[in-house]
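Letter by letter, the chains look like this.
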Amino acid sequence: ETPKHLFFDCCETALSCQNRMEEQFARYVKYLKVQLLRQTRERLSHKKDLHNVLFFDDLLLQVHQALSDSQGHRLIKAVRSQYRAALVDEFQDTDPLQYRIFSSLFADPPHFLAMIGDPKQAIYGFRGADLYSYLQAVKRADDKATLIHNWRSTPGLVKAVNTIFERSDYPF
């Protein structure tokens, strides 16, 4: 049986207080991180406005927002009247937002969206490229074509890479 003593009761109370303080501290650190990110985003946006600067992501976000708002149909109509098709090369390195943009503009007949990519060559995950967007697009595609001959690599290299990827039913 555990001995009963006022000292042990105090230790138990102290441990309980320490645990509550650590939980509160962790929540406060999370709160501070959220505030830091919010303020950083606001200040960056202000500085970009002040210096008339747009980043690549800003362009994507603005196009997506324009397509999604109440007048988005006008932008879609304007783009479709000028272009009947879009060809996106290196599609494995796009992100979900780019996929939504191109799909909303060109996925409906009589317009045409061609996506060219190779998931084995996906290298831009560090900047937001999402291989799963590519795999989702492949599943939704009506027509698929595969290059039979690789003109840029030696047969040995192609065989080695294919061997690695063929070892799993779900290599990605």
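Keep in mind the model is a prediction, meaning the values are calculated, not measured.

Draft legend 1. Examining the overall build of the protein more closely. Along the protein, the regular secondary structure elements total six helices and two strands. Secondary structure elements of the protein occur, N-terminal to C-terminal, as α-α-α-β-α-β-α-α. A compact globule built from 172 residues would reach a C-alpha radius of gyration of about 16 Å, whereas the protein, at 26 Å, exceeds it by more than 25%. Counting only residues that meet the buried cut, the protein has 17% of its 172 residues in that class. Sequence separation of 24 or more characterises 73% of the internal contacts of the protein that already satisfy a separation of 6 or more. Of the roughly 14,400 Å² that the protein leaves accessible, carbon and sulfur atoms contribute 59%.

Draft legend 2. Focus on the side chain of Asp 95. As for its position among the elements, Asp 95 is in the loop between β1 (85-88) and α4 (96-106). Among the residues examined, Asp 95 registers a relative accessible area of 10% and is labelled buried. From its side chain, Asp 95 meets the backbone nitrogen of Leu 97 in a polar contact 3.0 Å long. If near-sequence neighbours (up to four positions away) are discounted, Asp 95 is found in contact with Leu 60, Gly 128, Ala 129, Asp 130 and Ser 133.

Draft legend 3. Representation of the pattern of salt bridges in the model. What the rule picks out here adds up to three salt bridges. Ionic pairing is found between Glu 42 and Arg 38, a salt bridge with its closest N-O pair at 2.9 Å. With Glu 42 and Arg 38 both in helix α1 (residues 6-50) and four residues apart, the pair spans about one turn of that helix. Given a relative accessible area of 46%, Glu 42 falls into the partly exposed group. Assessed through its relative accessible area of 31%, Arg 38 is described here as partly exposed. Put simply, Asp 58 and Lys 48 hold a salt bridge, and the shortest N to O gap is 2.7 Å. One end of the pair, Asp 58, is in helix α2 (residues 56-68); the other, Lys 48, is in helix α1, with 10 residues separating them in the sequence. For Lys 48, a relative accessible area of 12% translates into the label buried.

Reading the values: the criteria
- Residues numbered from 1 in each chain as written.
- Predicted model: local features only at pLDDT ≥ 70, side-chain atom pairs only at ≥ 80, totals over all residues.
- Heavy atoms only, no water.
- Helix = DSSP H or I, 4+ residues; strand = E, 2+ residues; numbered from the N terminus.
- Rg over C-alpha atoms; globule rule 2.2 N^0.38 Å.
- Buried < 20%, exposed > 50% of the residue type's maximum accessible area, 1.4 Å probe, protein only.
- Contact = heavy atoms within 4.5 Å.
- Areas by Shrake-Rupley, 256 points an atom, 1.4 Å probe, with all protein chains shown as cover.
- Polar contact = N/O pair within 3.5 Å; in protein donor to acceptor, adjacent residues only side chain to side chain.
- Salt bridge = Lys/Arg side-chain N within 4 Å of Asp/Glu carboxyl O.

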